[in-house]
Amino acid sequence: MLFRSMVEGKYIKNVSQLIKLELCPPPLRTFSKQVAEVGGIVRNEGSRGCAWGRCSFCAIQHKYCNETQWRPVSIQRVIQELQELSEIGIKSPFYTDEDFIGNDPIRAIKLAEEILKEKAAGTIDKAMSLYVDMRVDSILSKSHKGLPSGKHVLEILKKSGLREVFIGIESGAKEQVKRYKKASTAHRNSIVLDVLDELGITYDIGFIMFDPEMNIQELTDNISFLKDTGLNKHDARMTKSLRIEPGTPLVKEYSDKEMISGTLDIDNLIYPYRWKHSQTQDVYEIYSEWERELSDEVYTIQASTRGEIDSEELRKERRFMLGLIRETELSALEYITTQISNGLEVNKAELQRLQDVRNEGVFSASRTMKIA
C-alpha cells in the first residue's frame, strides 16, 4: 500500500499483512440507525476469507495478502454486535462474510444456539433475521467424521433467524463453470436450490451470464438452466457480464491471451476485454442496449427489497414484482440469442413489445412501492 505521510510529506510504501481479527476495534455504529431509517443495509461480519478461495474472477486472495484461509470472528463478539444492532432497532443485518460457514459447521451451530439463547433472554430482538453468504459445497456437504451435514446446519441457523442465503451459482454451462474454477457444478447448483426450497430459506443468486470466451451454445445453456430451475423468475439480475478486476487471476490469464483491450477503468475498477466469439458479442451488445432503458428505475426497485424494511411480507411482495421484470428481461435475451444463433435478424418490433412489457412492470412496481 502506498500512502503519503502527513508529517514528513513523503510517500511511504508498507507491506500488507493480515489483521488479527481479535485485535480489530469494533465497528462504529454512528450512522447505522439513520441508514436503517431510510431502508439502507446495515452490515456485520462473522468471518473473513473463504475455505475455497480459488475462483478465477475473485480478488479474495489479493484482498487478504495472498492468503486463502477462512478466519472466524469469535462467537462472543458476533453476539455482542448483534445485541448492539438490536438495541438501535436493526432487524435485518447483512453479513459481509465471503463464506459464512467456512470449514467449521460446528461453530455455525454453536453461533445459532447462542443467538437463540439471547433472543429468548430478550437481548436480541426475536424478529431479527440474517442475510449471509454461503458456498454450494457447504450446503450440500454430508455428515461425516462427527461433522453435521450442511442441511442440518441450515435447519439450526433458520431457527435462529436465518432469512436469506446468497450463493454464487455463476453459471449453468459446464465449460463456463470450469473457466471460473468453481468448486461446484451446474448439476450441484440445481440441487442446492432444491435444498433451500425444501427448508423454506430465501436465496439471492450470483450469476454471470456473459464472459469473453463463451460461445452461443453456452449462452443458450445458461438461459435453459435458469428456466429449468425457475430462476428466470427470481428477482436477482441474471444477465450480468464478467468483471475482470485488479488482483484476480483473470487479469494475467486474459493478458496472456491478449484479450484485455485497454487500461483499467478507474471508475468501475475493471479491465475492458475483447470477445472471442462474434455471435456472443452481438447478443451482448444488442441486449445491453435494450436493458439500459429504465435501468435506474429497476435498480431503485431492487434497492427497495434489500436492507431494513417494514415487514418481511412487504419484502416478499416487492421481490415478486421484481421477479416479473427479470422474467421479461430473460425473455428478451432468449429472443435475441435465438435469432442470432439461427442467423436471423433481430426484429425491432418484437424487442419493443418486450420493452413495453418490462416498462409496465417497472411502473406497476414503482406505484406499489409509493402506496406502501
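Computed from a predicted structure; not experimentally measured.

Side note on the packing of helix α6 (residues 150-160) against helix α8 (residues 186-199)
Part 1: The geometry of α6 relative to α8 is characterised by a closest axis approach of 11 Å and an angle of 35 degrees between their N-to-C directions. Every pair of crossing elements has a handedness; the one defined by α6 and α8 is right-handed. On α8, the residues touching Lys 151, Leu 154, Glu 155 and Lys 158 of α6 are Val 195, Leu 196, Glu 198 and Leu 199.
Part 2: Looking at the contact of α6 with α8 residue by residue, the classes come out as four nonpolar, no polar and four charged.

Here we look at the packing of aromatic side chains
Part 1: Throughout the structure, instances matching the rule amount to nine aromatic pairs.
Part 2: Their ring planes at 80 degrees and their centres at 5.5 Å tell us that Tyr 95 and Phe 100 sit as a pair that is edge-to-face.
Part 3: Taking relative accessible area as the criterion, Phe 100 reaches 4% and is therefore assigned buried.
Part 4: Arranged with centres 5.0 Å apart and planes meeting at 40 degrees, the rings of Trp 275 and Tyr 284 form a pair that is tilted.
Part 5: On the basis of relative accessibility, which here comes to 16%, the residue Trp 275 falls in the buried class.
Part 6: Classification of Tyr 284 as partly exposed rests on a relative accessible area of 24%.
Part 7: Connected via pairs of aromatic rings, a cluster forms that spans Phe 210, Tyr 273, Trp 275 and Tyr 284.
Part 8: For the cation-ring pair, Arg 54 lies above Trp 52, with the distance from its terminal atom to the ring centre recorded as 4.4 Å.
Part 9: Positioned above the aromatic ring of Tyr 64 is the side chain of Arg 71, whose terminal nitrogen or guanidinium carbon lies 5.7 Å from the ring centre.

Considerations on the environment of Arg 274
Part 1: Mapped onto the secondary structure, Arg 274 falls in the loop between α10 (249-256) and α11 (278-292).
Part 2: Residue Arg 274 is classed as partly exposed on the basis of its relative accessible area, which comes to 43%.
Part 3: Sequence-wise, Arg 274 and Ser 16 are 258 residues apart; in three dimensions their C-alpha atoms are separated by 33 Å.
Part 4: Residues contacting Arg 274, with those up to four places away along its chain left out, are Pro 212, Glu 258, Met 259, Ile 260 and Ser 261.

Some thoughts on the nonpolar core
Part 1: Ranked by size, the top nonpolar core spans 79 residues in total, and within it Met 134 and Ile 205 carry the most contacts.
Part 2: Apart from the residues lying within four places of it in its own chain, the contact partners of Met 134 are Phe 100, Ile 101, Ile 139, Leu 154, Leu 157, Leu 162, Val 165, Phe 166 and Ile 167.
Part 3: Counting residues in each nonpolar core, the second largest holds eight residues, with Leu 294, Ile 301, Leu 322 and Ala 365 among its members.

Let's talk about the packing of α11 against helix α13 (residues 312-341)
Part 1: Look at α11 against α13: their axes get within 10 Å of each other, and the N-to-C directions meet at 145 degrees. Note on packing geometry: the crossing formed by α11 with α13 is right-handed. Where α11 abuts α13, its residues Gln 279, Asp 282, Val 283, Ile 286, Tyr 287, Trp 290 and Glu 291 lie against Thr 328, Glu 329, Ala 332, Leu 333, Ile 336, Thr 337, Ile 340 and Ser 341.
Part 2: By residue class, the composition of the contact of α11 with α13 is eight nonpolar, four polar and three charged.

Some details on the layout of surface pockets
Part 1: Of the pockets and cavities examined, the second largest pocket occupies roughly 580 Å³.
Part 2: Of all the secondary structure elements, the ones that give two or more residues to the lining of the second largest pocket are β8 (162-170), α8, β9 (202-210) and α13.
Part 3: With eight residues, α13 is the largest single contributor of residues to the lining of the second largest pocket.
Part 4: When the residues that make up the lining of the second largest pocket are grouped by side-chain class, the tally is six nonpolar, six polar and 10 charged.

A few points about the side chain of Thr 248
Part 1: Within the secondary structure layout, Thr 248 lies in the loop between β10 (240-241) and α10.
Part 2: What Thr 248 contacts, discounting residues up to four positions off in sequence, is Ser 56, Phe 57, Cys 58 and Ala 59.

Thoughts on the pairing of strand β7 (residues 130-134)
Part 1: Counting buried positions over the five residues of β7 gives five, a clear majority of the element.
Part 2: What you see with β7 is no split at all: Leu 130, Val 132 and Met 134 on one side and Tyr 131 and Asp 133 on the other are buried throughout.
Part 3: Summarising the sheet, β7 and β8 pair through five bridges and their orientation is parallel. Each residue of the ladder has a partner; that of Leu 130, found in β8, is Leu 162.

Quick word on the pairing of β9
Part 1: Extensive coverage of β9 is indicated by the burial of eight of its nine residues.
Part 2: With six bridges connecting them, β8 and β9 associate as parallel partners. Looking across to β9, one finds that Val 165 is bridged to Tyr 203.
Part 3: Note: β9 against β10, two bridges, orientation parallel. If you follow Ile 208 over to β10, its bridge partner there is Lys 240.
Part 4: With respect to chirality, the unit in which β9 leads through helix α9 (residues 216-229) into the neighbouring parallel β10 is right-handed.

Quick notes on the rules
- Residues numbered from 1 in each chain as written.
- Predicted model: local features only at pLDDT ≥ 70, side-chain atom pairs only at ≥ 80, totals over all residues.
- Heavy atoms only, no water.
- Axes fitted to C-alpha atoms, helices over the stretch in contact; angles between N-to-C directions.
- Helix = DSSP H or I, 4+ residues; strand = E, 2+ residues; numbered from the N terminus.
- Left-handed = near helix turned anticlockwise from the far one by under 90°.
- Contact = heavy atoms within 4.5 Å.
- Nonpolar A, V, L, I, M, F, W, Y, C, P; charged D, E, K, R; others polar.
- Phe/Tyr/Trp six-rings, centres within 6.5 Å; stacked < 30°, edge-to-face > 60°.
- Buried < 20%, exposed > 50% of the residue type's maximum accessible area, 1.4 Å probe, protein only.
- Lys NZ or Arg CZ within 6 Å of the ring centre and 35° of its normal.
- Core = buried A, V, L, I, M, F, W, Y, C linked by side-chain atoms within 4.5 Å.
- 1 Å grid on protein atoms, 1.4 Å probe; cavity = no way out; pocket = protein on both sides within 12 Å on 5 of 7 lines; lining within 4 Å.
- Points joined across faces, edges and corners; volume = space filled by probe spheres on them.
- Pairing = 2+ DSSP bridges.
- Right-handed = clockwise from strand over helix to strand, strands pointing away.

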